[in-house]
Amino acid sequence: MDMTSRMTSHFRDAMAVCEQSMHALAGPLASAVDVVFAALANNGKILACGNGGSAADAQHFIAELVGRFERERLPLAGVALNTDTAILTAVGNDYGFEEIYERQVNALGQSGDVLVAISTSGNSANVIRAIEAAHDREISVIALTGKGGGVVSELLTAHDVHLCVPHDRTMRIQEVHALLLHALCDGIDALLLGDTE
């Protein structure tokens, strides 16, 4: 096995998926920026959730909002729903793992907020229930998925934005999700602070 060739193939594959995603998702991503900016500009907040690597992406995204992205600005309101272990273990134990995000959306979410729901397959039961709870509370959803979007794609409405990476391999989907979230942060900052490029 030529390990250098194997590693090179990862870069080539990632570049190809990014190219496909650029063509498919640049427009929806611009719409997502508008949705998040409108919520923040009207005293709304951003809730985010996911599992595993997607949980890490949710936490990373919210950290960029509350802290800063590339430029200094005031903190923006956001909560990563996967970070409070007391809530996660209490709800998981008492009600089931499928409800860990749904109950937090019901507790914290208000009309005008946005839920960023991340699931590489689009089939994560707890993310699906969070989306359903968001809709019940008139909260728009930005869904980051892959593999065709799964069940999540069937739940989304005209008020939501679906960023579905056109690929089936989990690591490639997650790599593009990171890019999408960074681009979302950049778009928000451009609207808040002015476009510097």
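Structural data are supplied above this passage.
Analysis parameters
Residues numbered from 1 in each chain as written. Predicted model: local features only at pLDDT ≥ 70, side-chain atom pairs only at ≥ 80, totals over all residues. Heavy atoms only, no water. Helix = DSSP H or I, 4+ residues; strand = E, 2+ residues; numbered from the N terminus. Rg over C-alpha atoms; globule rule 2.2 N^0.38 Å. Buried < 20%, exposed > 50% of the residue type's maximum accessible area, 1.4 Å probe, protein only. Contact = heavy atoms within 4.5 Å. Areas by Shrake-Rupley, 256 points an atom, 1.4 Å probe, with all protein chains shown as cover. Lys, Arg positive; Asp, Glu negative; His and termini not counted. Charge placed at Lys NZ, Arg CZ, Asp CG, Glu CD. Salt bridge = Lys/Arg side-chain N within 4 Å of Asp/Glu carboxyl O. Polar contact = N/O pair within 3.5 Å; in protein donor to acceptor, adjacent residues only side chain to side chain. Expected span 1.5 Å × (residues − 1). Pairing = 2+ DSSP bridges. Axes fitted to C-alpha atoms, helices over the stretch in contact; angles between N-to-C directions. Phe/Tyr/Trp six-rings, centres within 6.5 Å; stacked < 30°, edge-to-face > 60°. Lys NZ or Arg CZ within 6 Å of the ring centre and 35° of its normal.

A. Inspection of the overall build of the protein at higher detail. From N to C terminus, the protein includes seven helices and five strands. When its helices and strands are written in sequence order, the protein yields α-β-α-β-α-α-β-α-β-α-β-α. Expected size for 197 residues packed as a compact globule is a radius of gyration near 16 Å; at 17 Å, the protein falls within 12% of this value. The dimensions of the protein, computed from C-alpha atoms along their principal axes, are 50 × 45 × 30 Å. Counting every position in the protein, which comprises 197 residues, the buried fraction comes to 44%. Contacts spanning at least 24 positions in sequence make up 70% of the contacts within the protein whose residues lie at least 6 apart. When the accessible surface of the protein is split by element, carbon and sulfur atoms take 53% of a total near 9,800 Å². Counting 12 positive and 25 negative side-chain charges, the protein places the averaged centre of each group 5 Å from the other.

B. Up close: the pattern of salt bridges. Counting across every chain of the model gives seven salt bridges. For the salt bridge of arginine 172 with aspartate 13, the shortest nitrogen-to-oxygen distance reads 3.0 Å. Taken together, the residues span a long stretch of sequence, with arginine 172 in helix H7 (residues 170-193) and aspartate 13 in helix H1 (residues 3-41) at a distance of 159 residues. Relative accessible area serves as the criterion here: at 22%, aspartate 13 is assigned to the partly exposed category.

C. Summary view of helix H3 (residues 85-94). The backbone nitrogen of alanine 86 has a side-chain oxygen 3.1 Å away, supplied by the residue at the start of H3, namely aspartate 84. Phi turns positive one or two residues past the end of H3, at glycine 96, with a value near 115 degrees.

D. Main features of the environment of histidine 177. As for its placement among the helices and strands, histidine 177 is situated in helix H7. Leaving out residues up to four positions away in the same chain, histidine 177 has contacts with Asp57, Ile118, Thr120, Leu144, Thr145, Leu163 and Val165.

E. Molecular detail of helix H2 (residues 53-66). Over its 14 residues, H2 extends 20 Å from the first C-alpha to the last, a length consistent with the 20 Å expected when each residue adds 1.5 Å. Along H2, the positions that sit buried rather than exposed are Ser54, Ala55, Asp57, Ala58, Phe61, Ile62, Glu64 and Leu65. Along its buried surface, H2 packs onto strand S1 (46-49), strand S2 (78-80), strand S3 (114-118) and H7.

F. Looking closely at the sheet that holds S1. Spatial strand order, S2-S1-S3-S4-S5: five strands in an open sheet with parallel pairing. Whereas interior strands pair on both sides, the edge strands pair on one side only; in this sheet they are S2 and strand S5 (161-165). On average, each strand axis in the sheet is inclined to that of its neighbour by 15 degrees, with strand direction left out of account. Of the strand pairs in this sheet, strand S4 (residues 140-146) and S5 are connected by five bridges, and their pairing is parallel. Of the residues in S5, the one forming a bridge with isoleucine 142 is valine 161.

G. Here's a closer look at the packing of aromatic side chains. By the definition in use, this model includes zero aromatic pairs. Above the ring of tyrosine 95, the side-chain terminus of arginine 103 is found at 4.0 Å from the ring centroid.

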